[in-house]
Each structure stands twice: as C-alpha cells, then as structure tokens.
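Per-entry structural report
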Amino acid sequence: MSSDVGFRSERGPVLASLMVTTGLVAIDATVLATAVPTIVGELGGFAQFPWLFSVYLLAQAVTVPIYAKLSDLFGRKPIILIGIGLFLLGSILCGVAWSMPALIAFRVLQGLGAGAVQPMSITILGDIYSVAERARVQGYVASVWAVSSVVGPTLGGLFAQFDAWRWVFFINIPLCLVAGWMLVRHFHEKVERHPHRIDYAGAALLAASMTLLILAVLEGGQAWAWDSWQSIAAFAVGGALLVAFVLVERRASEPILPLWVFTRPLLLTTTLAGLGVGALLIGLTSYVPTYLEGSLGVVPLVAGAALAALTLGWPLSASFSGRFYLRLGFRTTALIGSAVALIGTALLAAFATSPSVAVVTIASFVIGLGMGLLATATLIAAQSSVEWNERGVVTGTNMFARSIGSAVGVAVFGAIANAVFGDAVEPAPDAIIAGSAAVFVGVLIVMAATFVAVLAMPKTPVERAPAEPATA
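So, how was this worked out
Residues numbered from 1 in each chain as written. Predicted model: local features only at pLDDT ≥ 70, side-chain atom pairs only at ≥ 80, totals over all residues. Heavy atoms only, no water. Helix = DSSP H or I, 4+ residues; strand = E, 2+ residues; numbered from the N terminus. Buried < 20%, exposed > 50% of the residue type's maximum accessible area, 1.4 Å probe, protein only. Contact = heavy atoms within 4.5 Å. Areas by Shrake-Rupley, 256 points an atom, 1.4 Å probe, with all protein chains shown as cover. Core = buried A, V, L, I, M, F, W, Y, C linked by side-chain atoms within 4.5 Å. Polar contact = N/O pair within 3.5 Å; in protein donor to acceptor, adjacent residues only side chain to side chain. Phe/Tyr/Trp six-rings, centres within 6.5 Å; stacked < 30°, edge-to-face > 60°. Lys NZ or Arg CZ within 6 Å of the ring centre and 35° of its normal. Salt bridge = Lys/Arg side-chain N within 4 Å of Asp/Glu carboxyl O. Axes fitted to C-alpha atoms, helices over the stretch in contact; angles between N-to-C directions. Left-handed = near helix turned anticlockwise from the far one by under 90°. Nonpolar A, V, L, I, M, F, W, Y, C, P; charged D, E, K, R; others polar. Patch = residues over 30% accessible without salt bridge, like charges linked within 9 Å, V, L, I, M, F, W, Y side chains within 5 Å. Expected span 1.5 Å × (residues − 1). Bend = angle between axes of the 7 residues up to and from the residue. Parallel < 35°, antiparallel > 145°, perpendicular 65-115°, else oblique. pLDDT = per-residue confidence, 0-100.

1. Looking at the overall build of the protein chain
When helices and strands are tallied, the protein chain shows 16 helices and zero strands. The proportion of buried residues among the 472 residues of the protein chain is 55%. The long-range fraction of contacts in the protein chain, counting pairs at least 24 apart against all pairs at least 6 apart in sequence, stands at 83%. Total accessible area on the protein chain stands at roughly 19,200 Å², and carbon and sulfur atoms take up 69% of it.

2. Observations regarding the nonpolar core
Nonpolar side chains tend to gather and get buried jointly when the protein is soluble and globular. Of all hydrophobic cores here, the largest spans 55 residues; its most connected members are Ile84, Met210 and Ile214. Looking at this core, the element that brings in the most residues is helix α3 (residues 51-74), giving ten residues. Those residues in contact with methionine 210 that sit more than four places away from it in its chain are Leu58, Val62, Leu215, Leu242, Phe400 and Ile404. In terms of nonpolar packing, the next biggest core, distinct from the first, is built from 47 residues, Leu292, Leu335, Ala377 and Ile380 among them.

3. A closer look at the environment of serine 91
Among the structural elements, serine 91 can be located in helix α4 (residues 76-95). We classify serine 91 as buried; its relative accessible area is 0%. With residues up to four places along the chain from it excluded, the contact list for serine 91 reads Gln110, Phe169 and Asn172. Of note is the side chain of serine 91, whose polar atom sits 3.1 Å from the side chain of asparagine 172.

4. Things to note about the packing of aromatic side chains
Taken as a whole and assessed by the stated rule, the structure comprises five aromatic pairs. A centroid spacing of 5.7 Å and a plane angle of 75° characterise the contact between tryptophan 98 and phenylalanine 106, whose relative ring orientation is edge-to-face. Taking relative accessible area as the criterion, tryptophan 98 reaches 62% and is therefore assigned exposed. Over the face of the ring belonging to tyrosine 56 we find arginine 107, whose NZ or CZ atom lies 4.2 Å from the ring centre.

5. Quick look at the environment of valine 299
Structurally, the position occupied by valine 299 is in the loop between α11 (265-296) and α12 (300-328). Considering only alpha carbons, one finds valine 299 and proline 289, ten residues apart in sequence, at a separation of 9.4 Å.

6. A few points about the pattern of salt bridges
One pass over the structure, following the stated rule, counts five salt bridges. Close ionic contact of glutamate 42 with arginine 166 constitutes a salt bridge, the shortest N to O distance being 3.0 Å. In this pair, glutamate 42 is assigned in helix α2 (residues 36-43) and arginine 166 in the loop between α6 (131-161) and α7 (167-170), connecting sequence segments 124 residues apart. With a shortest N-O distance of 2.7 Å, arginine 76 and aspartate 127 are connected by a salt bridge. Taken together, the residues arginine 76 in helix α4 and aspartate 127 in helix α5 (residues 100-128) connect sequence positions 51 residues apart. On the basis of relative accessibility, which here comes to 0%, the residue arginine 76 falls in the buried class. Among the charged side chains, a salt-bridge network with shared partners connects Asp72, Arg76, Asp127 and Arg391.

7. Some thoughts on the packing of α3 against α5
Packing of α3 against α5 brings their axes to within 7 Å, and their N-to-C directions diverge by 35°. Considering how the two elements wind past one another, α3 and α5 form a crossing that is right-handed. The residue inventory of the contact of α3 with α5, partitioned by class, reads 18 nonpolar, seven polar and one charged.

8. Focus: a nonpolar patch on the surface
Taken together, the side chains of Leu312, Leu316, Phe320, Phe324, Leu328, Ile336 and Phe365 make up a nonpolar region of the molecular surface, amounting to roughly 550 Å² of accessible area. With five residues, the top contributor of residues to the nonpolar patch is α12. Note on placement: isoleucine 336 falls in helix α13 (residues 330-350). Among the residues examined, isoleucine 336 registers a relative accessible area of 31% and is labelled partly exposed.

9. Here we look at the side chain of glutamine 110
Among the secondary structure elements, glutamine 110 is positioned in helix α5. Glutamine 110 gets classed as buried once you look at its relative accessible area, which sits at 0%. Dropping the residues within four chain positions of it, glutamine 110 is found in contact with Asp28, Tyr56, Phe87, Gly90, Ser91, Cys94, Phe169 and Asn172.

10. Thoughts on α5
An α-helical turn contains 3.6 residues, so any two residues separated by three or four positions project in the same direction. A rise of 1.5 Å per residue sets the reference length of α5, with its 29 residues, at 42 Å; its end C-alpha atoms lie 42 Å apart and thus fit the reference within 8%. Its maximal kink placed at glycine 113, α5 deviates by approximately 25°.

11. As for the packing of α13 against helix α16 (residues 429-455)
Where α13 contacts α16, the two axes come as close as 9 Å, and the packing angle between them is 165°. Taken together, α13 and α16 sit at an angle that is classed as roughly antiparallel. In the packing of α13 onto α16, the handedness of the crossing is left-handed. Here Arg331, Ala334, Leu335, Ser338, Ala339, Ala341, Leu342, Thr345, Ala346, Leu348 and Ala349 of α13 lie close against α16, whose contacting residues are Phe440, Val441, Val443, Leu444, Met447, Ala448, Phe451, Val454 and Leu455. Grouping the amino acids of the contact of α13 with α16 by side-chain chemistry returns 17 nonpolar, two polar and one charged.

12. Overview of the side chain of serine 338
Mapped onto the elements, serine 338 comes out in helix α13. Given the relative accessible area of 0%, serine 338 is considered buried.

13. Here we look at the environment of cysteine 176
Turning to its location among the elements, cysteine 176 is positioned in helix α8 (residues 172-186). In this structure, the C-alpha to C-alpha distance between cysteine 176 and glycine 23, residues 153 residues apart in sequence, is 9.6 Å.

14. A look at the confidence of the model for the protein chain
Per-chain confidence: the protein chain averages 82 in pLDDT, with 90% of residues scoring 70 or above. Per-residue pLDDT, averaged within each element of the protein chain, yields its smallest value for α6 (73) and its largest for α13 (94). A low-confidence stretch, residues 464-472 stays under pLDDT 50, and its non-local contacts, those more than four residues away or across chains, total 29 contacts.

Encoded structure:
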C-alpha cells in the first residue's frame, strides 16, 4: 500500500468519498438557518421552528455512541452507508413536508443519519491513515468545512430568496447518492467476523436516558419552566435510566459505551475538551448574529460574514495542526490552541458593551484559529491511543461530548440571555447588548474551563510510522 496522501494515491478515492460525505453534514449545519423565515412563511408554526434544530441535534447526539460501538463490531462501511441512507430519506421527506410538525418529524430522521455519517467519516480516516499522514489529510478535510461555511449560507439565502426553500433539503439527494456510490466502490474493509452479543439493553437505556436529559436541558426555560413538573420528571426519569445504563454496562460482555472510556486519563480529558468545544461553538453561532443585528442594525449578511470568520479560522489552523503536533506533541498543540481561543473569547467579552463588527470578526477568527488546533489535536490524540476495535467508540465518544456540550450550552446561554432580555418580544438594543455581553462572559468561562481540562492531558508519544491502512 502506497504511503502517498492525496487524490492520486491508492487511497485517494476513499479520501474523496469521505470529503463528499463530510460535506453532507457540513452544508446541512449552515444551509437551513437562512431559510427559516421563508419556511415559516409557507408552513406556519413560528413558535415551533426552534424544534427544527433541537430534534436534529437530539437525534444525532443520542445515536452517535451506538453507531460508534456497532462500527467496532461490524465495520465502518455498513454503518456509514446506513447513515447516508437515513440522511437521504430524511432529506427527501423534509423536502416534501406539508406542515411544520411533519418537517420537524422528518428532521429527526435526518439527525439519525447524521449520527452515523460524521463520526464514521472521522473514524475511517483514523483507520486508513497513520498519525503522521493525518497531519496532511487534515488540510483536505478542513477545506470541506471552509467551503461549506461559505456555500451553505449562500445556498440557503438563494433558495429562500426565490421561495424554493425545499431545495435546502433536495440538494442533499445528489450528494448522498454520490457519497454512497463512491464508498461502495472504493472503500473495502478487512473485518474479522465472529459472533457478537449486541448490548440491546444498554443501547436502549442510553438512547432513552440521553433523550430525556438532553430534551430537559434544551427545553427547560423555553417550552416549560425549570421548576415545572415536565422538567422535574424529565430530569428524574432520565437520571434514573442513566444509572440503570451504568449498571447494565458494568455487566455487559460487549457494552455499547464501555466505561473504560471515562477511566483513562487521556480519553477523559479529551472528552472534557470536546464538551467545551461544543458549548463554545453553540454560544457563538447562536448569539453573534443576534448581537450584531440587534445592537448595530446590520443586515444578516454582514452578521453572517462576521461569524464566518470563525468557520474560516478553524479549518485554516486545522490544516496546519499536524505540523504542530508532530513537532510539539498533542498536549502542547492543544494547549496552544486553547490559549489562542481563550484570547479570542476574552477579546469578545471585553468589548461586548461597545459593539463593533470589526472587533467581533477579529475575535471570531482568532477563536476559530485556536479551536482548529484544540479540536484536531485532542481528537487525534484520543484516536491514536487505541487499536482499531476501540477507535469507533473513542471517536464516537468525542463527537458525543461535543453534542452534549452544545445541548447544555443552548440551555445555559439561553437562560443567561433570557434573564436579561426578559419577556420582551423584540428586546431593545441596550438589552441585546447586555444579554449578549453576559453570554460572551459565559463563553469565556467555558473556554477557561476547557483550558484547565487540556492542562490535565497526559503527554503521549506521536507515532510517525505509517500504519497499514484498513482498505483492501
């Protein structure tokens, strides 16, 4: 097997396949938001539209660890193809949705597909490329997110402008078909087949407990009060099911989420870093546009451009992250990234009471640079510490942590902002500035806690020798 990295190498077709597959999730992450007003105008249900994002996030989060474990048992290929199929079906149904409740229900199906697509793409890259080779591959994958950060909002706005919002979902059809065809044709695994005992009880308990807990966090203070019976019941039942899950996993022969993931120092600290990454991202993407539009009255395009600096800085530094961790190590690279992101969040919080598009853009770009180094170094450090049969679980746990961080971040930052905004339908500019400033201080605290978690990372050697890829 050639050790070359690139499209012309023997593994090039697989890399191209994974880039197309990654594009599914990357574009979907940005294309819908700009079309929401048009969707609401046709289908109605303004009060329900936040569920378009909540149920997608929920379905994706609760299934990631399940897909990850199944991929360690049966291989990556069948799991990622199932994910692409579910995402394709969900996209078609979303495109023909006749009401807001129907669209919300079909978004769940999309989320179930995304729960397999994103972690499997990252896991396969970890299988077929060595740590040293991934230092170069990161540039290819990062370019997908960079292009999507521009293409996604542009397509969403274009479809919305021409009252063709359904193409926000139909655009996924050719991408799904191409990605699936390329993977079927080019990606081949060598998986040792032997009998498995699938942890059905653990999978069911994990899905049920996380669904209730994430739902309670997402909707607390929004759909119902924190001290309401709905909130108390969701937390109580979800917590009880989580305890039952832990008890089941301790006895399962092949647990769906092995508890050793949380007992190894490297995996524990990188998982905590993933929580921080998820919370920080949701805090910035949710409130930066509102902050600029509400305080300065800028058009959505300008506010989106300021936020795009974050999504451009991230892949830029991610593409160079390999040069850092190959020379300095994973821990040092993650520390540099978290320190840079900490400077960016401090800049954002310090000038929040004096709104400026330039300051927000610069701060977002700096944060993106830091997050690219942090997220890449911690993920690859975790992947490289385990063998093939554990890599799916480890990758899935890191992605799961980011989803949980986003869910908790939505609730916490939402509560902070609402405490300042009050019950006003359209808060005054001063209230928006004060509420956003409070959120940005919260983001700064999250970043500081993430920095502490990275400080606790053990130093691990970086393997430079190319490993035998998992493709035939």
